[in-house]
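# Secondary and tertiary structure notes
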There are 2 protein chains.
Amino acid sequence: MSVTTGERKESASCPMDFILRMLMGPWTTYILYNLKTHGPQRFGELKRRVQGISAKMLTERLRTLEGAGLVRRDYEATIPPKVTYSLTQRGHELDEVMGTLAEIGTRWEAEDAARRAVRAAELKAAE
Amino acid sequence: MSVTTGERKESASCPMDFILRMLMGPWTTYILYNLKTHGPQRFGELKRRVQGISAKMLTERLRTLEGAGLVRRDYEATIPPKVTYSLTQRGHELDEVMGTLAEIGTRWEAEDAARRAVRAAELKAAE
DNA sequence: GCTAGTAGGTACGGATTCGTAACCAACGAG
DNA sequence: CTCGTTGGTTACGAATCCGTACCTACTAGC
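First, a word on scope: everything that follows refers to the structure included in this document. All values derive from a computational prediction rather than experimental measurement.

## Quick look at the packing of aromatic side chains
Residues and elements named next belong to chain B. This structure, assessed with the given rule, holds 2 aromatic pairs over all chains. Relative to Tyr30, the ring of Trp27 has its centre 6.0 Å away and its plane inclined at 55°; by these criteria the two rings are tilted. Taking relative accessible area as the criterion, Tyr30 reaches 17% and is therefore assigned buried.

## A closer look at the interface of chain A and chain B
On the chain B side, the residues contacting the 36 residues of chain A number 36 residues. Summed over both sides, the interface between chain A and chain B buries roughly 3,600 Å², with carbon and sulfur atoms accounting for 72% of that surface. Remark: the boundary between chain A and chain B carries 6 salt bridges. Across the pair Arg107(A) and Glu93(B) runs a salt bridge whose closest N-O atoms are separated by 2.7 Å. Seen at the junction of chain A and chain B, the total is 8 residue pairs in polar contact (both at pLDDT 80 or more). For the side of chain A that touches chain B, the secondary-structure elements that each account for two or more residues are α1 (15–23), α2 (28–38) and α6 (95–125) of chain A.

## Section: the relation of the copies chain A and chain B
For the pair chain A and chain B, the superposition axis carries a translation of 0.0 Å, the fit reaches an RMSD of 0.1 Å, and the rotation angle comes to 180°. The symmetry that links the two subunits is that of a two-fold axis. Interface overlap between copies: 100% of the residues of chain A at the interface are likewise at the interface in chain B, consistent with a symmetric, same-surface contact.

## Quick look at the side chain of Thr84(A)
Its place among the elements puts Thr84(A) in strand β3 (residues 82–87). With near-sequence residues (within four places) excluded, Thr84(A) lies in contact with Pro40(A), Gln41(A), Arg42(A), Arg72(A), Arg73(A) and Asp74(A).

## Some words on the packing of α1(A) against helix α6 (residues 95–125) of chain B
At their nearest, the axes of α1(A) and α6(B) sit 7 Å apart, and the two run at 95° to each other. If you check the angle between α1(A) and α6(B), you find them roughly perpendicular. Along its contact with α1(A), which presents Pro15(A), Met16(A), Phe18(A), Ile19(A), Leu20(A) and Leu23(A), the element α6(B) presents Met98(B), Leu101(B), Ala102(B), Ile104(B), Gly105(B), Thr106(B), Trp108(B) and Glu109(B). Looking at the contact of α1(A) with α6(B), its residues break down into 11 nonpolar, 2 polar and 1 charged.

## Considerations on helix α1 (residues 15–23) of chain B
Taken across its 9 residues, α1(B) has 8 buried, putting it largely inside the fold. All of the buried residues in α1(B) are Pro15(B), Met16(B), Asp17(B), Ile19(B), Leu20(B), Arg21(B), Met22(B) and Leu23(B). Those residues of α1(B) hidden inside the fold are in contact with α1, α2 and α6 of chain A together with α2 (28–38) and α4 (55–67) of chain B.

## Quick look at α2(B)
Inspection of α2(B) places Thr28(B), Thr29(B), Tyr30(B), Ile31(B), Leu32(B), Asn34(B) and Leu35(B) among the buried residues, and these make up the whole buried set. Positive phi appears at Gly39(B), one or two residues downstream of α2(B), with a value of about 75°.

## Brief notes about the protein's contact with DNA strand D
The local shell around DNA strand D holds 22 residues, among which Arg63(A), Arg73(A), Tyr85(A), Lys56(B) and Met57(B) are the closest. Per the 4 Å cut-off to the protein, sugar and phosphate atoms form 75% of the nearby atoms of DNA strand D. At 3.2 Å, a backbone N or O of Gly44(A) approaches a phosphate oxygen of DNA strand D. The separation between a phosphate oxygen of DNA strand D and a polar side-chain atom of Tyr85(A) is 2.7 Å. Of all the secondary structure elements, the ones that give two or more residues to the surface near DNA strand D are α3 (43–49), α4 (55–67) and β3 of chain A together with α4 of chain B. For the surface near DNA strand D, a count of residues per class yields 11 nonpolar, 5 polar and 6 charged.

How each quantity is defined
Residues numbered from 1 in each chain as written. Chains lettered and ligands numbered in written order. Predicted model: local features only at pLDDT ≥ 70, side-chain atom pairs only at ≥ 80, totals over all residues. Heavy atoms only, no water. Phe/Tyr/Trp six-rings, centres within 6.5 Å; stacked < 30°, edge-to-face > 60°. Buried < 20%, exposed > 50% of the residue type's maximum accessible area, 1.4 Å probe, protein only. Contact = heavy atoms within 4.5 Å. Buried area = accessible area lost by both parts, 1.4 Å probe. Salt bridge = Lys/Arg side-chain N within 4 Å of Asp/Glu carboxyl O. Polar contact = N/O pair within 3.5 Å; in protein donor to acceptor, adjacent residues only side chain to side chain. Helix = DSSP H or I, 4+ residues; strand = E, 2+ residues; numbered from the N terminus. Least-squares fit on C-alpha atoms with pLDDT ≥ 70 in both. Axes fitted to C-alpha atoms, helices over the stretch in contact; angles between N-to-C directions. Parallel < 35°, antiparallel > 145°, perpendicular 65-115°, else oblique. Nonpolar A, V, L, I, M, F, W, Y, C, P; charged D, E, K, R; others polar. Near = heavy atom within 4 Å.

Have a look at this one:
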């Protein structure tokens, strides 16, 4: 599947698919999360915060997000150049869903951890 | 990124990432959507409905979803075997988010279409 | 005996992806 | 005159993904 370029053959009739393709792609959620919580940021700042991402990936993801209208790119042709990225209004429309997803994800992780703990305790008791 | 197997190195501190990895993976949304709207289904039924998917992919995705606790697999060792898949309670917890995502996706698609139409009209008027 | 259908598993291979490393342009500092 | 900074781009290569094709075991139907 092409996470980056959008549809592969036919995305036919699943609007979720389009939007999830956007949100997915390796670093996307980290980028959006950072732009949301820390506000507009310059390229280097963002790169430093999204630990481990390469300039190439960051550029590519930002271009994709920009193309989808989720992120705005402000370029100042100073020397050295200054490029600031920020969430667009459309980008902020995802705040709520992302919040919900994060909440569910967190809950599930906690539940899974609890379940593992119980199972471990049972195993120990069965010794 | 490994959509299928979950984290690659560190998913560190982004619960959205975990859950989106689940929802993503090529056919996942189609599968969940079908299980949600058409209820529990057998393997072949599902395969027929999720048009174009290969048995391999369907099996793999279902196993992943099962592993994440979103889908339940009921196996009856009749001849021929009968395997029914259904959403678990956890699977249904995503109903609302998926609905919201679908709504946003649909709206954006419509907005984009409208914008393209306007642009096309402008181009035509400028001839 | 041959085919179809059920629910997959396995092997291969082309395409895609993503990380690494190198490079670029302009300029200010030393 | 070289170095560092910013915001990238490009080339390469290894890893991964996912579709195709073929295999299983069993039975029913012709």
